[in-house]
Amino acid sequence: MPSARLLVLFGSQTGTAQDVSERLGREARRRQLSCRVEELDSYPVVNLINEPLVIFVCATTGQGDPPDNMKSFWRFIFRRSLPSTALRQMDFAVLGLGDSSYAKFNFVAKKLHRRLLQLGGSALLPVCLGDDQHELGPDAAIDPWLQDLWEKVLGPHPVPLNLDLSPPGVLWPSKFTLQFLKDTPSSGPEELCAAGTDPQGPPSELQPFLAPMVSNQRVTGPSHFQDVRLIEFDISGSGISFAAGDLVLIQPENTASHVQQFCQALGLDPEQHFTLQPREPGVTCPTRLPQPCSVRRLVSQYLDIASVPRRSFFELLACLSPHELEREKLWEFGSARGQEELCEYCTRPRRTALEVLCDFPHTAAAVPPDYLLDLLPLIRPRAFSIASSLRAHPSRLQILVAVVQYQTRLREPRRGLCSSWLASLDPAQGPVRVPLWVRSGGLTFPKTPDVPVIMVGPGTGVAPFRAAIQERVAQGETGNVLFFGCRRRDQDFYWEAEWEQLQARGCLTLVTAFSREQVCVEGRGGARGGTPRVQTQSASRPLPRRSRRCMCSTGSGRSGRWCGSCWTAGAPISTWQATPSTCRPMCVTPCCPSSGRRAGSLTPMRPPTSLSCSGHCVSRLRRGPEGPSCRWPQPPCPTLSGGCRWLSPCLLPAGRVVDSPAQTPAEGGRHEQHTPALSAPGKPQQ
């Protein structure tokens, strides 16, 4: 009986979907299935009508967007001219990779599954929804889905009787062979060519432009926790053009110390040269890799040794390991039952592939050079929003880079590959060239400049709006409104002088918010005497009067502790005078008998009223390090068994009851007062 012909097509943005696809290919070959693994855009999509069995592995990026290497396929498959019976001979399955913290979770996989059904395809299984937010990662959904998939595939196409299912420990041949050269070549393509000399078009990933770095300046204060850089490149003669909202992609490199450490762990000579040859027909060598190439250049510019390794990394290492104890542990990390241990060892602390190899020295020393490209992924380019306009800075390109550095339980801090590499470059010490190219971004602005634009960009998210403002001001447009937020004015207020100059010229309306310079509650004349004053940050414009609201605080200021008092804001400008107002007690119980819900849920509750209870059960307790608001012991409610706790919310003149977000007097710790000041959205995680 002939074996099934399986095709695996993937669309991957960060490499996860490609890794899952290659795992599918290995599992198929173990089951004696003929399998090909290809990118969606590199596959001739017109041949899809002749494929009997196809597995689609696709990630979702951004706000429900397809990855870059499947956009051409995406446009083709949704053509309205395609007949409804185009794929009637095809059995398919769709495996999606996404993040459930986004609204359009696995949107690409779901939409592709529906479209394939519309074109007549037969689904073997429901779509698999891998979730990056799961504690065990996407494998928590992929593993059981794959078991069902192989049962469906091997039903009509079982393994022939004369062939056995290959065990997991079988080492498959590598994709490429490295043939080392005895003599070092006298001259070789050790430098990328500038794409500005390419007559075929502007710079691209296959041939980036080596842009000279003009300046690399830190724009945050010396005491600020984060290093943020404003980096400028000279792009004259490159043929690069861009508009506001476009992205620049930069190809980073590994540090010299990591390259040296990697070569020592694997016993490689960094200065040795080699040529790369594919083992199987149809497999192409990496296009950016020169022939011949040195080991140093391969490791520094191509192999991502600073990435967190995936499950397939441990599976291959286990097959290559000659050490019994190390091999046993690697097999555990690569198995389905060992995913929790792998998460604890590698994923949570963000342990890199280089650190894993150093933890398994006997295995690392036995890795054949032919398997380097199978073991490690290639370094992927990083995208940054362009922070300048060609109208304001001709032949220049600027980016705002926040250097990624954070601490886990590992001794060495975790560092972002590209941001740390860019921060280490100093053009004052000598010429520095960075490979880059430009592509259009998802952020677009009105084509007619007379349309007013409101922009909200906290932190480094203000970078693309600076490019838009520069471009619109150069066109004479003054309808620009920018909401900017950061921690402190004197530490991370990017381009403060530029914004103030544009505001003075009437070209910009600026509204700012500084989260570490907000409210401080003080009392004049003693711990409980005088009039409390609520100070807010200085804003670019007066706060509107309708922003006034009731605030209740138990935070301790320099003049004493305030508890059980309530104030309403009385001034509409930057300094808010507060006057005492009456408070009446409210009853909070762990569980309201009328609804059976616990206090602290998001559903308001009303217990039975009594003479000593206001009749309103406070359920919106504040979550976080501080306790619920303004709490002190009181007599129990007579109608509620077990007693209750008491809060003191604010009773406004109109009779509205507002929860008082404050800390309990009995609980220590720093209290941050809620303010009526304008605030900008928080900075998203990168």
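The protein carries the name NADPH-dependent diflavin oxidoreductase 1 in an unreviewed UniProt entry, which gives Bos indicus x Bos taurus as its organism. Listed under Catalytic activity (unreviewed entry) in UniProt, the entry text for the protein is "2 oxidized [2Fe-2S]-[protein] + NADPH = 2 reduced [2Fe-2S]-[protein] + NADP(+) + H(+)". Taken verbatim from the UniProt record of the protein, the Subunit (unreviewed entry) comment is "Interacts with CIAPIN1; as part of the cytosolic iron-sulfur (Fe-S) protein assembly (CIA) machinery. Interacts with DCPS."

> Sorry, what's going on with the overall build of the protein here?
What the protein contains, in helices and strands, is 16 helices and 32 strands. Split into buried and exposed, the 686 residues of the protein put 48% on the buried side. Of all intrachain contacts in the protein linking residues separated by at least 6 positions in sequence, the fraction that spans at least 24 positions is 72%. Taken as a whole, the protein presents about 33700 Å² of accessible surface, with 51% of it coming from carbon and sulfur.

> What is the right way to read the sheet that holds strand 20 (residues 509-514) from this model?
Hydrogen bonds between backbone atoms are what pair the strands of a sheet, whose relative direction is either parallel or antiparallel. In spatial order, the strands read 18-19-20; together these three strands make up an open sheet with parallel pairing. One side of each edge strand has no neighbouring strand; the edge strands of this open sheet are strand 18 (453-456) and strand 20. Each neighbouring strand pair of the sheet contributes to a mean axis angle of 10°, computed without reference to strand direction. Where strand 19 (residues 480-486) lies against strand 20, six bridges are found, and the strand directions are parallel. By the bridge assignment for strand 20, cysteine 486 is matched with phenylalanine 514. Strands strand 18 and strand 19 of the sheet are contacted by helix 14 (residues 463-474), whose axis makes an angle of about 155° with strand 18.

> Hey, could you run me through the pattern of salt bridges in this one?
If the charged atoms of two oppositely charged side chains come close together, the side chains can form a pair. On inspection of all chains with the given rule, the structure shows 28 salt bridges. Taking the shortest distance from any N to any O, the salt bridge between glutamate 271 and arginine 296 comes out at 2.6 Å. Of this pair, glutamate 271 sits in the loop between helix 5 (256-266) and strand 11 (273-278) while arginine 296 sits in helix 6 (residues 295-301), and the two are 25 residues apart along the sequence. Residue glutamate 271 is classed as partly exposed on the basis of its relative accessible area, which comes to 44%. We note a salt bridge from aspartate 359 to arginine 351, for which the minimum N-O separation is 3.4 Å. Several salt bridges converge on common partners, so that one network encompasses Arg23, Arg26, Asp139, Asp143, Arg311 and Glu315.

> Just to check I follow, could you spell out the UniProt feature "binding site: FAD" (unreviewed entry) in the protein for this structure?
With numbering matched to this structure, UniProt assigns "binding site: FAD" (unreviewed entry) to Arg350, Arg382, Ala383, Phe384, Ser385, Gly416, Leu417, Cys418 and Ser419. With respect to the element layout, arginine 382 can be found in strand 13 (residues 382-385). Mapping serine 419 onto the fold places it in helix 13 (residues 417-424). The contact partners of serine 419, leaving out residues within four places of it in the chain, are Val401, Ala402, Val403 and Val404.

> Teacher, can you tell me more about the sheet that holds strand 12 (residues 293-294) here?
Taken together, the three strands give an open sheet; going across it, the order is 7-11-12, and neighbouring strands pair in antiparallel fashion. The open sheet is flanked by strand 7 (176-180) and strand 12, the only strands paired with a single partner. Judged from the two bridges that link them, strand 11 and strand 12 form a sheet pairing that is antiparallel. In the strand pairing of strand 12, histidine 273 is matched with serine 294.

> Got a minute to help me understand the packing of aromatic side chains in this structure?
When we look at a pair of aromatic rings, we describe it by the centre distance and by the angle of the planes. Summed over the entire model, instances satisfying the criterion amount to 12 aromatic pairs. Residues phenylalanine 333 and tyrosine 345 carry aromatic rings whose centres are separated by 4.9 Å and whose planes lie at 10° to one another, so their mutual orientation is stacked. Here phenylalanine 333, found in helix 8 (residues 324-334), pairs with tyrosine 345, found in helix 9 (residues 339-347); they are 12 residues apart in sequence, far enough to count as distant. Judged by its relative accessible area of 3%, phenylalanine 333 is buried. These aromatic residues form a ring-pair network of at least three members: Phe313, Phe314, Phe333 and Tyr345. If you follow lysine 104 out to its NZ or CZ, it ends over the ring of phenylalanine 107, 5.1 Å from the centre.

> Explain helix 14 to me, please; I cannot follow it from the model alone.
In an α-helix, one full turn covers 3.6 residues, which means residues spaced three or four apart are oriented alike. Compared with the 16 Å implied by 1.5 Å per residue over 12 residues, the 17 Å span of helix 14 between its first and last C-alpha is a close match. Within helix 14, 10 of the 12 residues are buried, which leaves the element mostly enclosed by the surrounding structure. Every buried residue of helix 14 is listed here: Ala463, Pro464, Phe465, Arg466, Ala467, Ala468, Ile469, Gln470, Arg472 and Val473. If you follow the buried residues of helix 14, they end up packed against strand 13, strand 14 (396-402), strand 18, strand 19 and helix 16 (496-504). At the exit of helix 14 stands glycine 476, carrying a positive phi of roughly 85°.

> What's the story with the nonpolar core in this structure? I'm lost.
Soluble, globular proteins show a tendency: their nonpolar side chains are buried together. Counting 41 residues, the largest nonpolar core has Phe262, Leu266, Leu298, Phe313 and Phe314 as its most contacted members. The element contributing the most residues to this core is helix 7 (residues 311-320), with six residues. Discounting chain neighbours no more than four positions away, the residues touching leucine 298 are Phe274, Leu289, Cys293, Leu303, Leu372 and Leu373. Core analysis: the second largest hydrophobic core is formed by 28 residues, Leu230, Ala387, Ala468 and Phe493 among them.

> Can you help me understand the pairing of strand 11 in this one?
One face of the sheet, then the other: side chains in a regular strand alternate in exactly this way. Bridge count between strand 7 and strand 11: five bridges; the pairing is antiparallel. Bridge pairing in strand 11 places phenylalanine 176 opposite proline 278.

> In this structure, what is going on with the confidence of the model for the protein? I would like to understand it.
Regions with low pLDDT should not have their predicted coordinates read in detail. Residues of the protein with pLDDT of at least 70 account for 70%, and the chain-wide mean is 76. Of the regions scoring below 50 in pLDDT, residues 188-199 engages in 29 contacts with residues more than four places distant in sequence or in other chains. Low pLDDT, under 50, characterises residues 520-686; the stretch is placed with 334 contacts to residues that sit more than four places away or in other chains.

> Where do I start with unusual backbone geometry in this structure?
Following glutamine 291, the chain continues into proline 292 via a peptide bond in cis, with omega recorded as -5°. Checked against the element boundaries, proline 292 lands in the loop between strand 11 and strand 12. Here serine 395, not a glycine, exhibits a phi torsion of approximately 60°, which is positive. In this fold, serine 395 is placed in the loop between strand 13 and strand 14. Of note, tryptophan 495 is a non-glycine position whose phi angle comes to about 55°, a positive value. Mapped onto the secondary structure, tryptophan 495 falls in the loop between helix 15 (489-492) and helix 16.

> How do you make sense of the environment of serine 335 when you look at a structure like this?
Mapped onto the secondary structure, serine 335 falls in the loop between helix 8 and helix 9. Classification of serine 335 by relative accessible area gives buried; the value is 14%. Along the sequence, serine 335 and arginine 311 sit 24 residues apart, while their C-alpha atoms lie 8.1 Å from each other. A distance of 2.9 Å separates a polar atom in the side chain of serine 335 from the backbone oxygen of glutamate 332.

What counts, and where the lines are drawn
Residues numbered from 1 in each chain as written. Predicted model: local features only at pLDDT ≥ 70, side-chain atom pairs only at ≥ 80, totals over all residues. Heavy atoms only, no water. UniProt positions renumbered as here; feature names shortened; annotations may be inferred. Helix = DSSP H or I, 4+ residues; strand = E, 2+ residues; numbered from the N terminus. Buried < 20%, exposed > 50% of the residue type's maximum accessible area, 1.4 Å probe, protein only. Contact = heavy atoms within 4.5 Å. Areas by Shrake-Rupley, 256 points an atom, 1.4 Å probe, with all protein chains shown as cover. Pairing = 2+ DSSP bridges. Axes fitted to C-alpha atoms, helices over the stretch in contact; angles between N-to-C directions. Salt bridge = Lys/Arg side-chain N within 4 Å of Asp/Glu carboxyl O. Phe/Tyr/Trp six-rings, centres within 6.5 Å; stacked < 30°, edge-to-face > 60°. Lys NZ or Arg CZ within 6 Å of the ring centre and 35° of its normal. Expected span 1.5 Å × (residues − 1). Core = buried A, V, L, I, M, F, W, Y, C linked by side-chain atoms within 4.5 Å. pLDDT = per-residue confidence, 0-100. Polar contact = N/O pair within 3.5 Å; in protein donor to acceptor, adjacent residues only side chain to side chain.

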